[in-house]
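Close look at the chain arrangement
The residues making up each chain are set out below.
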Amino acid sequence: MGNGITGSLDLKSVAGSLVIGLIAVFGLGWVSGTTFAALPFPVLSLLSGFILSGMVAGLLSKDETIAEPVISSVLVSLALYYVLPGMNLQGFADIHPEHILLIGLNGIMLSFAGAWAGEMLQGTMESTSEVKHLEWGWVLAGTILGVMVSILVSTLLIIFLGFVFTPLMIAFVIGLFITGFLIGYRSAGVTIMEAALAGLFTLVINVDILTLALVPPGFDEIMLALILGGVLSMIGAWIGEKVQG
């Protein structure tokens, strides 16, 4: 495998990332677009697809292949611009070409972030030495992973169980436990504090999303989610460390 930053471009990795991106973005877009009648959650599902495609590509690569998923995300964005309007999905009925362009641009950025997080989870970009200080790289990677997992979990719960707003906060918290576990399982050294900070940052972003897309959560709901999310992130990281050991 070629190095996507300092070496030659790996065309096989580009092709693999492109396939993953098309399946993730259009698959999640179709599922969400046929379930929801308004834009917010279908758009979030599309963006989650970009993160997921970059992350999977980063996880599957043997070397640092961040540039390849980004190149493939440009191609996915072009396909999205021309194909999405013709799919006639109810969730995207009110979408305009400018919206799709912005989704694609954000998707390219998020694909880069997802690929970087995937490399962190794989261990390609991490030192194998025992860390004694706060690893901000894992905080950022955990936040990217947490936002993606939280949105995916909440979307699936709505689709299959018909959950509404309050249980969505529970879905976000479940996502943070999964995120903490993956951080603890894949990182070198003890990263429980990193998981807690990633959980906090993820919840803030999730609350922003809910406020803009649906209804602002109440004070009690926010505080409960922050406490549960932080605790479960640390518990997940602790369990991940034990499984790794």
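Position labels on residues start from 1 in each chain and follow its written sequence. A pLDDT threshold of at least 70 governs which residues receive local features in this predicted model, and a stricter bar of 80 or more applies before side-chain atom pairs are shown or counted, although totals over entire chains, interfaces and linings include all residues. The side-chain numbers reported here are obtained from all heavy atoms of the structure, hydrogens and water having been left aside.

**A short note on the overall build of the protein chain**
Across its full length, the protein chain holds eight helices and zero strands. When the elements of the protein chain are put in sequence order from the N terminus, they spell out α-α-α-α-α-α-α-α. Residue burial is assigned from relative accessible area. The probe radius is 1.4 Å, only protein chains are included, and a residue is buried under 20% of its type maximum, exposed over 50%, and partly exposed in between. Across the 245 residues in the protein chain, those meeting the buried criterion constitute 49%. Note on contacts: a residue pair qualifies if any of its non-hydrogen atoms lie within 4.5 Å across the two residues. Taking the intrachain contacts of the protein chain between residues at least 6 apart in sequence as the baseline, contacts between residues at least 24 apart amount to 83%. Helix and strand assignments follow DSSP, with helices taken as H or I runs no shorter than four residues and strands as E runs no shorter than two, numbered in order from the N terminus.

**Quick notes on unusual backbone geometry**
Positive phi outside glycine occurs at N88, with the angle close to 55°. The residue N88 is located in the loop between α3 (67-83) and α4 (97-122) in this model. A relative accessible area of 68% means that N88 is categorised as exposed.

**Concerning the nonpolar core**
Ranked by size, the top nonpolar core spans 21 residues in total, and within it M55, W138, A141, I144, L145 and M148 carry the most contacts. At the level of secondary structure, the elements contributing two or more residues to this core comprise α2 (40-60), α4, α5 (136-161), α6 (165-186) and α7 (192-213). With nine residues, α5 is the largest single contributor of residues to this core. F50, V76, I95 and I103 belong to the second-largest nonpolar core, a separate cluster that totals 14 residues. Nonpolar cores are built from buried Ala, Val, Leu, Ile, Met, Phe, Trp, Tyr and Cys residues. Side-chain atoms within 4.5 Å join them into one set.

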